[in-house]
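So the chains spell out like this:
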Amino acid sequence: MEYIFTTNNLEKKYGNFTALNGINMKVPKGSIYGFVGKNGAGKTTLIRHLCGLQHQTSGSFELMGVKDSDKDISKARRRIGAVVESPAIYKDMTAKDNLKQQYLTLGLPSFDGIDEILELVGLSDTGKKKAGKFSLGMRQRLGIAIALCGNPDLLILDEPTNGLDPQGIIEIRELIIKLNREKGITFIISSHILDELSRIATYYGFIDKGRIVKEMSAAELEKECRKSIRMKVSDTKVLAGVMDKLGIEYTIIDDNTADIFSEVAFSKIAKDFEDAGCTIYTMDEHEESLEAFYLSLLGGTKNA
Ligand code: ATP
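Just so it is clear, the structure is predicted and the values come from calculations on it, not from any experiment.

Another point: the packing of helix H9 (residues 236-246) against helix H10 (residues 266-276). The geometry of H9 relative to H10 is characterised by a closest axis approach of 10 Å and an angle of 130° between their N-to-C directions. Taken together, the axis directions place H9 and H10 in an arrangement best described as oblique. Taken as a pair, H9 and H10 cross one another with a handedness that is right-handed. Residues Val238, Leu239, Val242, Met243, Lys245 and Leu246 of H9 lie in contact with H10, whose contacting residues are Ile269, Asp272, Phe273 and Ala276. In the contact of H9 with H10, the residues fall into 8 nonpolar, no polar and 2 charged.

Written out as C-alpha cells, the structure reads:
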C-alpha cells in the first residue's frame, strides 16, 4: 500500500506533559482517514505537526515521501490543505473574494479554477453575500474551498462537522466523498465521534493519550462490529473443533465464550456439541456497536 503520511515514534512534550507519546501512524494514499480520539488525545497536536505549525520533541515523519528533516518538506506541505479549528475566513468578503485572497497568498499566477471550486463546494450562487452572513455550514464549506486552492493532494479537516445542524453535516459528508472520489484527494479527518466518521471513512487511526492504539480499514472495522451469535460453552477449544468441522467462522473470546458468524439452528449443532463433550450454556444474538468497540480499544468496558 502507498502511504501519503507516515510517522515514526513522533513525540511531543510540553514540559513534563507528553502530548504525543511515540506516534506511529500510516495514512494510505487515496483514503478518507478517520482520526479518532477523545478530547485531549492529541489529534490537533499531531495535525499541527503535519502542517508545520509545531515541532516534535523527538521522532520523525514523512509527507508524500519527503522526510520532515528534508529541505523539500515545505514543498510537500504546499500540496496539503487544512481546516484546523475554525476556518480562516475574511468575514467582510464574499466567497469569491475569499478565494481570490487565498490565491494571492499562495502566489498563484491567475484566478483560474475559482469558479470550479465554488461550484464544487456548492457556493457558486452566493453572489455579493459576505461570508459573515453565511450559515455555519456554508462557512465550513468556504473553509474547505479555501483549503482547496492550489489543488492539494491531501486535505486535513479538524472536527469538520462541529456545531453543524444535521443538514450541514450531510452536506459536508457529501462534499468530502465527492472530493475523494472525483479528485482523488486523500483526507485526514479528526473527530471524537466514531459514529459520525463511520459513514465516510475508509481507514481509521484510533489515538488515546498520545498513542495510536489501532489502525484498521473500514472493512476490518465492519467485521469487528458485525452481527454474531455469542455462545457460552463449557470449553471453547472443543467449540473450535466443532465449528471447523462445520465450516463456520468464529472468534474465541475466552475459555468459555465465542462469537460465531453464521445463522445456525440450535437443534442442528446441539448433537455435534454433545458428541464432542461440550455443553452449550447460552446462545444470544450479539452486535458489537461502533461505540462499544471504540471504548474497548480505549480500555473502557465494552458494555458501558
Ligand atoms: P480536542 O478533541 O479536544 O481538540 P485533541 O485530541 O485535539 O483534543 P490536543 O489539542 O492535541 O487534543 O491536546 C492534547 C493534549 O496536549 C491536551 O491534554 C492538551 O491540554 C495538551 N496541550 C496542547 N497544547 C498545549 C500547549 N501549548 N501547552 C501545554 N499542553 C498542551
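After that view, the rundown keeps rolling.
This next bit is on the nonpolar core. One finds Leu99, Leu142, Ile144, Leu179, Phe187 and Tyr204 to be the most contacted residues of the largest nonpolar core, which totals 47 residues. Ranked by residue count, the leading element in this core is helix H5 (residues 136-148), at 7 residues. Non-local contacts of Leu99, meaning those with residues more than four positions away in its chain, are made with Ile114, Ile117, Leu118, Leu142, Ala145, Ile146 and Cys149. Formed by 28 residues, the second largest nonpolar core is a distinct cluster that contains Phe5, Met25, Leu46 and Leu50.

This part takes up the site of the ligand. The environment of the ligand is made up of Tyr14, Phe17, Ala19, Lys38, Asn39, Gly40, Ala41, Gly42, Lys43, Thr44, Thr45 and Glu159. Lys43 has a polar backbone atom sitting 2.8 Å from an oxygen atom of the ligand. Within the side chain of Glu159, a nitrogen or oxygen atom sits 3.5 Å from an oxygen atom of the ligand. Listed by contribution, the elements that provide at least two residues to the shell around the ligand are strand S2 (17-23) and helix H1 (43-50).

Calculation rules
Numbering of residues begins from 1 in every chain and follows the order in which that chain's sequence is written. Given that this is a predicted model, residues contribute local features only at a pLDDT of at least 70 and side-chain atom pairs are listed and counted only at 80 or more, while totals for whole chains, interfaces and linings are drawn from all residues. Hydrogen atoms and water are omitted, and side-chain values are computed over all heavy atoms in the structure. Angular values range over 0 to 180 degrees, each being the angle between N-to-C directions of two axes fitted as lines to C-alpha atoms, with helices fitted over their stretch in contact. Working definition: helices are DSSP H or I runs of at least four residues, strands are E runs of at least two. Numbering for both runs from the N terminus. Note on terminology: angles under 35 degrees are roughly parallel, angles over 145 are roughly antiparallel, angles of 65 to 115 are roughly perpendicular, and the others are oblique. By the definition used in this description, the sense in which the near helix is turned from the far one sets the handedness, with an anticlockwise turn below a right angle giving left-handed and a clockwise turn giving right-handed. Whether two residues touch is decided by their heavy atoms; if any such pair falls within 4.5 Å, the residues are in contact. In the scheme used here, Gly and all other residues not listed as nonpolar or charged are polar, with Ala, Val, Leu, Ile, Met, Phe, Trp, Tyr, Cys and Pro taken as nonpolar and Asp, Glu, Lys and Arg as charged. Nine residue types can take part in a nonpolar core, namely buried Ala, Val, Leu, Ile, Met, Phe, Trp, Tyr and Cys, and a core is a set of them joined through side-chain atoms within 4.5 Å. Using a 1.4 Å probe on the protein chains alone, a residue whose accessible area is under 20% of its type maximum counts as buried, one over 50% counts as exposed, and one in between counts as partly exposed. Here a residue counts as near a molecule or strand whenever at least one of its heavy atoms sits within 4 Å of it. Nitrogen and oxygen atoms within 3.5 Å of one another constitute a polar contact, given that in protein one can donate a hydrogen and the other can accept it, and given that sequence-neighbouring residues count only through two side-chain atoms.

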